[in-house]
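# Fold and contact review
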Amino acid sequence: MKTRILLGSLIVGAIAGVFCLDTMVFERAIATRVLIWLLALGTLKELLQILGKRLECAPGLFATGGVAVTVVLVPAFLEGRPVDGTLLALAALMAGAIRLLVLAPVRSAPVAFPEAAGLSAAILYSCGLLSFLDRIAVAHIEAVYVVVAISKSSDICAYFAGRFLGKRPFAPALSPKKTWEGALFGIAGAAGVAACFPAELAGHDMPAWFAAILGALIGAASMVGDLVASGLKRWASIKDSSSMLPQFGGMLDLVDGVLFAGPVAVVCLMGG
């Protein structure tokens, strides 16, 4: 627990430093967007490593996906606009198609096709879902940090409530330690954090009670993201996506809830 608290404090400090850099120096979301896409590419790499535990994958899978994402990412950064989700989805499909066409002549279709489909799905799951945070960052930088805080508060409240009060399993097939008590406290914690920062969340005045409702929705989405990631790891028979962060796991473990919180936040705050 001491290691988790220490490392968590360092992560929070680093994120606070990125926020200060953007608000006080750049006056726009430059460092924040760089951080988002570094997390996206790191998560993509871990997803492909998970894929490799169940499928036969040839070398260079991450390089193919990384190039496809970068081709879409760089122009958006240079022009100061959000990454286009449609172009990112097209890049994911093209990466899979190229991988299939290049390897099909030297590998059998039952081997080449699942790898290509897995590459496209991994790009959409990691970079595609985190692109919603990128959209929020360009529109209103403070909202990104509130959304992340809502997601993580949901995770923390659910963890401690489940540990000390949890009795009824929530989704034993995906994560045996998740409980209904933890889920309820997690949603309540997310609602409470959102109610404390309504203006920062919306970019304008908003009633605290309405922000709490949005926070509850974002928190619930974060829990779904956590369960999906847990299912992926159980499918691959692993506990953590990697050992990069002691007591935390890897980047997927760090952003699993945020992956699903971002799209819900965009729908709630930006209408689509």
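For clarity, every value in this text was computed on a predicted model and none was experimentally measured. (Residues numbered from 1 in each chain as written. Predicted model: local features only at pLDDT ≥ 70, side-chain atom pairs only at ≥ 80, totals over all residues. Heavy atoms only, no water.)

## With respect to the layout of surface pockets
Approximately 180 Å³ is the volume found for the second largest pocket. Lining the second largest pocket are Asp22, Glu27, Arg28, Ala29, Ile30, Arg33, Phe77, Gly80, Ala137, Val138 and Ile141. Among the residues making up the lining of the second largest pocket, the classes are represented as six nonpolar, one polar and four charged. (1 Å grid on protein atoms, 1.4 Å probe; cavity = no way out; pocket = protein on both sides within 12 Å on 5 of 7 lines; lining within 4 Å. Points joined across faces, edges and corners; volume = space filled by probe spheres on them. Nonpolar A, V, L, I, M, F, W, Y, C, P; charged D, E, K, R; others polar.)

## Looking at helix 1 (residues 2-26)
Over its 25 residues, helix 1 runs 35 Å from end to end, which matches the ideal 36 Å to within 8%, given 1.5 Å per residue. Residues of helix 1 that are buried in the fold lie against helix 2 (31-52), helix 6 (141-164) and helix 10 (251-270). (Helix = DSSP H or I, 4+ residues; strand = E, 2+ residues; numbered from the N terminus. Expected span 1.5 Å × (residues − 1). Contact = heavy atoms within 4.5 Å.)

## A word on the pattern of salt bridges
Following the criterion strictly, the structure yields seven salt bridges and no others. Across the pair glutamate 79 and arginine 81 runs a salt bridge, and its minimum N-O distance is 2.6 Å. On the basis of relative accessible area, arginine 81 is assigned to the partly exposed category, the value being 28%. For glutamate 115, the salt bridge is made with arginine 99, and the minimal N-O distance between the two is 2.4 Å. With glutamate 115 in helix 5 (residues 109-139) and arginine 99 in helix 4 (residues 85-103), this pair connects stretches of sequence that are 16 residues apart. The class of glutamate 115 is buried, set by a relative accessible area of 0%. (Salt bridge = Lys/Arg side-chain N within 4 Å of Asp/Glu carboxyl O. Buried < 20%, exposed > 50% of the residue type's maximum accessible area, 1.4 Å probe, protein only.)

## Description of unusual backbone geometry
Its identity as a non-glycine residue notwithstanding, glutamate 27 has a phi of 60°, on the positive side. If you trace the backbone, glutamate 27 turns up in the loop between helix 1 and helix 2. Located in the positive-phi region is serine 237, a residue other than glycine, with phi close to 60°. Looking at where serine 237 falls in the secondary structure, it is placed in the loop between helix 9 (208-235) and helix 10. Owing to a relative accessible area of 66%, serine 237 belongs among the exposed residues under this scheme.

## What to know about the pairing of strand 2 (residues 175-179)
A regular strand places its side chains on the two faces of the sheet in alternate fashion. Bridge analysis of strand 1 (residues 169-171) against strand 2 gives two bridges, and the strand direction is antiparallel. Of the residues in strand 2, the one forming a bridge with alanine 171 is serine 175. Two successive antiparallel strands, strand 1 and strand 2, enclose a turn made up of three residues. (Pairing = 2+ DSSP bridges.)

## Quick notes on the packing of aromatic side chains
As enumerated under the stated definition, the model contains five aromatic pairs in all. The interplanar angle of 70° and the centroid separation of 4.9 Å between the aromatic rings of phenylalanine 19 and tyrosine 145 together place this pair among those described as edge-to-face. With phenylalanine 19 in helix 1 and tyrosine 145 in helix 6, this residue pair connects regions lying 126 residues apart in the sequence. Owing to a relative accessible area of 17%, tyrosine 145 belongs among the buried residues under this scheme. (Phe/Tyr/Trp six-rings, centres within 6.5 Å; stacked < 30°, edge-to-face > 60°.)

## With respect to the nonpolar core
Counting residues in hydrophobic clusters, the biggest one holds 61 residues, and the most contacted among them are Trp37, Ile123, Cys127, Leu133 and Ile150. Of all the elements, helix 5 adds the most residues to this core, at ten residues. (Core = buried A, V, L, I, M, F, W, Y, C linked by side-chain atoms within 4.5 Å.)

## Regarding a nonpolar patch on the surface
Together, Ile156, Tyr159, Phe160, Phe164, Leu165, Leu184 and Phe185 make up an exposed nonpolar region whose accessible area comes to about 750 Å². Looking at the nonpolar patch, the elements that each hand over two or more residues are helix 6 and helix 7 (180-196). Tracing the sequence through the fold places phenylalanine 160 in helix 6. Looking at phenylalanine 160, the relative accessible area reads 36%, which means it is partly exposed. (Patch = residues over 30% accessible without salt bridge, like charges linked within 9 Å, V, L, I, M, F, W, Y side chains within 5 Å. Areas by Shrake-Rupley, 256 points an atom, 1.4 Å probe, with all protein chains shown as cover.)

## Some remarks on the environment of proline 105
Structurally, the position occupied by proline 105 is in the loop between helix 4 and helix 5. The exposure class assigned to proline 105 is exposed, which follows from its relative accessible area of 67%. On a C-alpha basis, the gap between proline 105 and serine 243 in space is 36 Å, while along the polypeptide they are 138 residues apart.

## Concerning the packing of helix 6 against helix 10
Look at helix 6 against helix 10: their axes get within 9 Å of each other, and the N-to-C directions meet at 125°. By the angle between their axes, helix 6 is oblique relative to helix 10. You can see that helix 6 and helix 10 cross each other, and the crossing is right-handed. Along the contact surface, helix 6 presents Val147, Val148, Ser151 and Lys152, while helix 10 presents Asp253, Leu254, Val255, Gly257, Val258, Ala261 and Ala265. Here the contact of helix 6 with helix 10 is built from residues that sort into seven nonpolar, two polar and two charged. (Axes fitted to C-alpha atoms, helices over the stretch in contact; angles between N-to-C directions. Parallel < 35°, antiparallel > 145°, perpendicular 65-115°, else oblique. Left-handed = near helix turned anticlockwise from the far one by under 90°.)

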